[in-house]
Amino acid sequence: MDRQGISRKLSRRTNTAETRVSRAVVKYAFVGLSARAGATTLSFAFADWLARSVARGKTKSDAGPGSAGRAGRDARGVNDDFDCGAESGGAYRAPGSVAVVEISDDYPQLGGSDYDRIGVDVRFAGREYVSAYACLARGASVRGVSNIDGGINWLLRSPGEPCGELGVTDYIRLASGATGDTVIVDVKGGFGGAGRIPMLQKLISDCDRVFAVVDPLPSALMADAEKLELFKSLESGGTDILYVINKMNPGVDVREMRSFIRVRNVVELPFLPAEGIYASEYNCCTVYSMPKIAPLLEAAFTRMAL
């Protein structure tokens, strides 16, 4: 399908072979309490942080962006303050790998696609990008699907791919079959209907840790009380739930917010600079690739990781 695209640039090092060593799989899930809570932005950034950290032997002082070197930008004036990471190994040659799996029933994607968020068409220019969703649609196995870029195996839905015929079993197959030693499941979409909560429960209950991403805006807090109760129920049943309060800023009435959600296992993240978020997409990167944003995430990501 031909689509009109925005001309964007991608700065990174040259292709080299990926080195992987088998290890026990750790699975994380990111789920927004409301729409636009920032779960996808954080899941991509967390994956980037993990890929860089694992590649450097989890040396936190070396995990920040920029240490792998930056390529210069051309005369078109694209911001040079970012580092998208080496492709398929290189400076990011790791003893393990990270996979990001999009679990979405949201079609059409009126808020934009994850595929376009990081510019998969630019990242994989001249290489084949294999859609795991297309594999599911034709009943093929998703095991072994490998779209490795920047040390991350990206399993994202291509724009325009409908998924109305897919069910919870298909989504579980996708998350379970992802090739990676650490699998990050970005759960988004409506999952509407009477079976919504049981479906979400099945999708995330086998994860080692679930990040419930919360926007502290009052209307967002009140948007889905049923999902908040699901998180609390899973937590009381033994699921490792960490509530990520995103977009914290001086306008938040912290006492009122905490009184409303009534949870204890919390990590807070500040409202990230809009210019960094926009620049990351124009440069086909995660927000963690932006040097002015990365320091705002380091401490929280260190706590979030198992």
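Overview of the structure. Predicted model only: the values in this text are computed from it and were never measured.

Let's talk about the sheet that holds strand 8 (residues 266-270)
Ordered by their spatial adjacency, 8 strands build an open sheet running 3-4-2-5-1-6-7-8, and the pairing between neighbours is mixed. At either end of the open sheet lies a strand with only one pairing partner, and these are strand 3 (148-149) and strand 8. The sheet contact formed by strand 1 (residues 26-32) and strand 5 (residues 182-188) spans 6 bridges and is parallel. Residue pairing for strand 5: K27 is matched across the bridge by V183. Relative to the sheet, helix 6 (residues 196-204) contacts strand 1, strand 2 (98-104), strand 5 and strand 6 (209-214), its axis offset from that of strand 5 by approximately 170°. Contacting strand 1, strand 6 and strand 7 (241-248), helix 8 (residues 225-236) runs over the sheet at an angle of about 140° to strand 7.

A closer look at the pairing of strand 1
The buried fraction of strand 1 is high, at 6 of 7 residues. Taken together, the 5 bridges between strand 1 and strand 6 define a ladder with parallel strand orientation. Residue pairing for strand 6: V31 is matched across the bridge by A212.

Quick look at the packing of helix 6 against helix 8
How two helices pack is summed up by the angle between their axes together with the distance between the axes. Running from N to C, helix 6 and helix 8 point in directions that differ by 40°, and their axes come no closer than 11 Å. In this view, helix 6 runs oblique relative to helix 8, as classed from their interaxial angle. You can see that helix 6 and helix 8 cross each other, and the crossing is right-handed. Here R196, I197, L200, Q201 and I204 of helix 6 come into contact with helix 8, specifically with E226, K227, L230, F231 and L234. Taken together, the residues of the contact of helix 6 with helix 8 sort by class into 6 nonpolar, 1 polar and 3 charged.

Here we look at the environment of G150
Among the structural elements, G150 can be located in the loop between strand 3 and strand 4 (152-155). Overall, G150 belongs to the buried group, its relative accessible area being 9%. Along the chain, G150 and D48 lie 102 residues apart, while their C-alpha atoms are 7.9 Å from each other.

Rules of the game
- Residues numbered from 1 in each chain as written.
- Predicted model: local features only at pLDDT ≥ 70, side-chain atom pairs only at ≥ 80, totals over all residues.
- Heavy atoms only, no water.
- Pairing = 2+ DSSP bridges.
- Helix = DSSP H or I, 4+ residues; strand = E, 2+ residues; numbered from the N terminus.
- Contact = heavy atoms within 4.5 Å.
- Axes fitted to C-alpha atoms, helices over the stretch in contact; angles between N-to-C directions.
- Buried < 20%, exposed > 50% of the residue type's maximum accessible area, 1.4 Å probe, protein only.
- Parallel < 35°, antiparallel > 145°, perpendicular 65-115°, else oblique.
- Left-handed = near helix turned anticlockwise from the far one by under 90°.
- Nonpolar A, V, L, I, M, F, W, Y, C, P; charged D, E, K, R; others polar.

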